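# Structure at a glance
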Amino acid sequence: MAKAPVLTPQADDFPRWYQDLINKAELADNGPVRGTMVIRPYGYGLWERMQQDMDLRIKEAGAQNAYFPLFIPQSYLTREAEHVEGFAPELAVVTHAGGKELDEPIVVRPTSETIINEYFSKWVQSYRDLPLLINQWANVVRWELRPRLFLRTTEFLWQEGHTAHATYEDARDYASLIQREVYADFMTNVLAMDVVLGRKTVKERFAGAINTLTLEGMMGDGKALQLGTSHELGQNFAKAFHTQYLSKDGAQEHVWQTSWGSTTRMIGALVMMHGDDNGLRVPPRLAHVQVVVLAIKGDDEVVAKVREIGDRLKAAGLRVVVDDRTDTPFGRRAVDWELKGVPVRVEVGPRDLEAGTAVLARRIPGGKTPVSIDSLAELLPAVLEEDQAHLLRESRERRESRTVDVATIEEAAEAAATGWARIPWADLGPEGEAKLAEQGISVRCLVTKDGGVPDADDTPGTLAIVARAY
């Protein structure tokens, strides 16, 4: 009888494959409250690497980290009408604490525009205080009706940036800089994800924004996933919270603002974009374990050699784990590391030791090759870079091959069954967008003909990217 696969094959049931992989690669578990999740150490290690890299980019963009409270007075949200209307269905509200009913209900942070503006209004007095560029790493709560680990959970982790500027142009340019130089650069060059940069339609904008910039990725099943957003808030929150500054001309002016965020959803994207029927495949630049050195048998000389190899590779700057748990069968350990997507396995047994070689197993392109043990430290950095490029190339080829240019709403809906459609926004418009929404299809973003980001919704020649989405 054929052996049952470790994971449900993608082609049989993509959502079930996703849940299997999250579980068997030990990324996360469901939490005790519906929609919450427990991020396991291997999954959290991925998030830590994401944090570290993005935090550097955010700081290079001039922002400083701060922290604001989890609890927000409900009255703060009501000051900006579009904002409260947009988030009302997702709010978790505390009405009792300390055994008493509260005088004013408290909202558990869904996002921090309102509470941060309360303090921006205190901190900004003069044009000399601008621009004010703040970021925080935090958790937020949005009550999800259809939760899915990493993609849509009631509580998730993220970074949220909030800035105040003297002019509309400064705010606009900063929102664009975040989209391009923080998010797009990170997702392309670290996560090996081909992403499309675009502008959201009015219907899809963040609640309270005058413009939302987005990054969209195509998953393995052809659906879209929003991977990060950067919003121009205009002066909406500044007027609601009286965030003003004294200009060089001596006039009181409202600031212009941005907000921007990326979340643990990127881990879900990593699974769905790079995973295969054998498990996860982690881009080497991201991986907190780039190389695992495995002892095939519990021979003392073998165990000593894999530890020596591990030390040598660490000294070469690689992130390495030595697996000498020889009381667990080798086959089981190899499958576990394959599920976790570690880019390279170096396997050493008694015969390899005699020959002065190890077996190099590459997770991303696949395949096994005997290599000299002495060459590993020099060889592996180039191998990892090759595999990084392989994942990005696969991601780009998938999107390009499964994106179709269409002329009608019917053709767009048909294309969205297996991938993405590109259609002139002038031919689709808000009415066509509404018709597609009835079929569970959305306009993911607007782009220019050359793949750039339009300056406005009505920029001539603008195209709409249409897809089903997570």
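Residues numbered from 1 in each chain as written. Predicted model: local features only at pLDDT ≥ 70, side-chain atom pairs only at ≥ 80, totals over all residues. Heavy atoms only, no water.

## Regarding a negative patch on the surface
Which entries qualify depends on this criterion: The patch calculation keeps residues exceeding 30% relative accessible area without a salt bridge and links them within 9 Å when they carry like charges or within 5 Å when they are nonpolar (Val, Leu, Ile, Met, Phe, Trp, Tyr). With residues, only the protein chains shown are counted as cover, and all accessible areas are computed by Shrake-Rupley using a 1.4 Å probe. One speaks of a salt bridge when a side-chain nitrogen belonging to Lys or Arg is within 4 Å of a carboxyl oxygen belonging to Asp or Glu. We count Lys and Arg on the positive side and Asp and Glu on the negative side, and we leave His and both chain ends out. By convention, the point assigned to a charge is CZ for Arg, NZ for Lys, CD for Glu and CG for Asp. Note on conventions: DSSP H or I runs of at least 4 residues are helices, E runs of at least 2 residues are strands, and numbering of each starts at the N terminus.
Where like charges cluster on the molecular surface, the negative patch consists of Asp299, Asp300, Glu301 and Glu354. Looking at the secondary structure, you find aspartate 300 in helix α9 (residues 300–315).

## Points about the nonpolar core
How we decide: As used here, the term nonpolar core means buried Ala, Val, Leu, Ile, Met, Phe, Trp, Tyr and Cys residues forming a set that is joined through side-chain atoms within 4.5 Å. Classification of residues uses two cut-offs on accessible area relative to the type maximum, computed with a 1.4 Å probe and protein chains only: under 20% is buried, over 50% is exposed, and between them is partly exposed. What makes two residues a contact is simply this: any of their non-hydrogen atoms within 4.5 Å.
Residues Leu27, Phe150, Met187 and Leu191 are the most contacted members of the largest nonpolar core, which totals 59 residues. Sequence-distant contacts of leucine 27, defined by excluding residues within four places in its chain, comprise Leu21, Ile22, Val38, Ile39, Arg40, Tyr42, Gly43, Leu46, Phe150, Val271 and Leu280.

## Some words on the packing of helix α2 (residues 41–60) against helix α6 (residues 168–189)
Heads up, the rule is: Here an axis means a line fitted to C-alpha atoms, over the contact stretch when the element is a helix, while the angle between two N-to-C directions is reported on a 0 to 180 degree scale. To sort the angles, those under 35 degrees are grouped as roughly parallel, those over 145 as roughly antiparallel, those from 65 to 115 as roughly perpendicular, and the leftovers as oblique. Note on convention: the crossing is left-handed when the near helix lies turned anticlockwise from the far helix by less than a right angle, right-handed when the turn is clockwise. We call Asp, Glu, Lys and Arg charged. Ala, Val, Leu, Ile, Met, Phe, Trp, Tyr, Cys and Pro are nonpolar, and the rest, Gly among them, are polar.
It is at 9 Å that the axes of α2 and α6 come closest, and there the two elements cross at 150°. Taken together, the axes of α2 and α6 are roughly antiparallel relative to one another. As for how α2 packs across α6, the hand of that crossing is right-handed. The segment α2 lies against α6, with Met50, Asp53, Met54, Arg57 and Ile58 engaging Glu181, Val182, Tyr183, Asp185 and Phe186. Its residues placed into classes, the contact of α2 with α6 shows six nonpolar, no polar and four charged.

## Details of helix α10 (residues 330–340)
Among the residues of α10, Arg333, Ala334, Trp337, Leu339 and Lys340 are the ones counted as buried. Close packing links the buried residues of α10 with α1 (14–24), α2, β15 (291–295), β16 (320–323) and β17 (344–348). One or two positions beyond α10, positive phi appears at glycine 341, with a value near 80°.

## With respect to the pattern of salt bridges
Following the criterion strictly, the structure yields 31 salt bridges and no others. Among the salt bridges present, the one from arginine 312 reaches aspartate 374, with a minimum N-O distance of 3.5 Å. On the criterion of sequence distance, the pair formed by arginine 312 in helix α9 and aspartate 374 in the loop between β19 (368–372) and α12 (376–401) is long-range, its members being 62 residues apart. You can call arginine 312 partly exposed: its relative accessible area is 29%. In this structure, arginine 345 engages glutamate 347 in a salt bridge whose closest nitrogen and oxygen atoms are separated by 3.0 Å. For the pair arginine 345 and glutamate 347, a shared accessibility class is recorded, and that class is buried. Beyond isolated ion pairs, a larger network of salt bridges with shared partners links Asp276, Arg281, Arg363 and Glu394.

## Things to note about the side chain of aspartate 55
Tracing the sequence through the fold places aspartate 55 in helix α2. Setting aside anything within four residues of it in sequence, one finds aspartate 55 in contact with Asn65, Asn135 and Trp137.

## A word on the sheet that holds β15
Spelled out, the test is: By the convention used here, strands pair only if DSSP detects at least 2 bridges between them.
The strand order across the open sheet built from five strands is β16-β15-β17-β18-β19, with neighbouring strands paired in mixed fashion. Looking along the sheet, the strands with just one partner apiece sit at the ends: β16 and β19. For this sheet the average axis-to-axis angle between neighbouring strands, irrespective of direction, equals 25°. In terms of strand pairing, strand β18 (residues 357–362) meets β19 through five bridges, oriented antiparallel. Counterpart to alanine 358 in the pairing with β19 is valine 371. Across the sheet, α9 is in contact with β15, β16 and β17; its angle to β15 comes to roughly 165°. Packed onto the sheet, α10 meets β15, β16 and β17 and runs at close to 175° relative to β15.

Remember that the coordinates give geometry; whether it matters functionally is a separate question.
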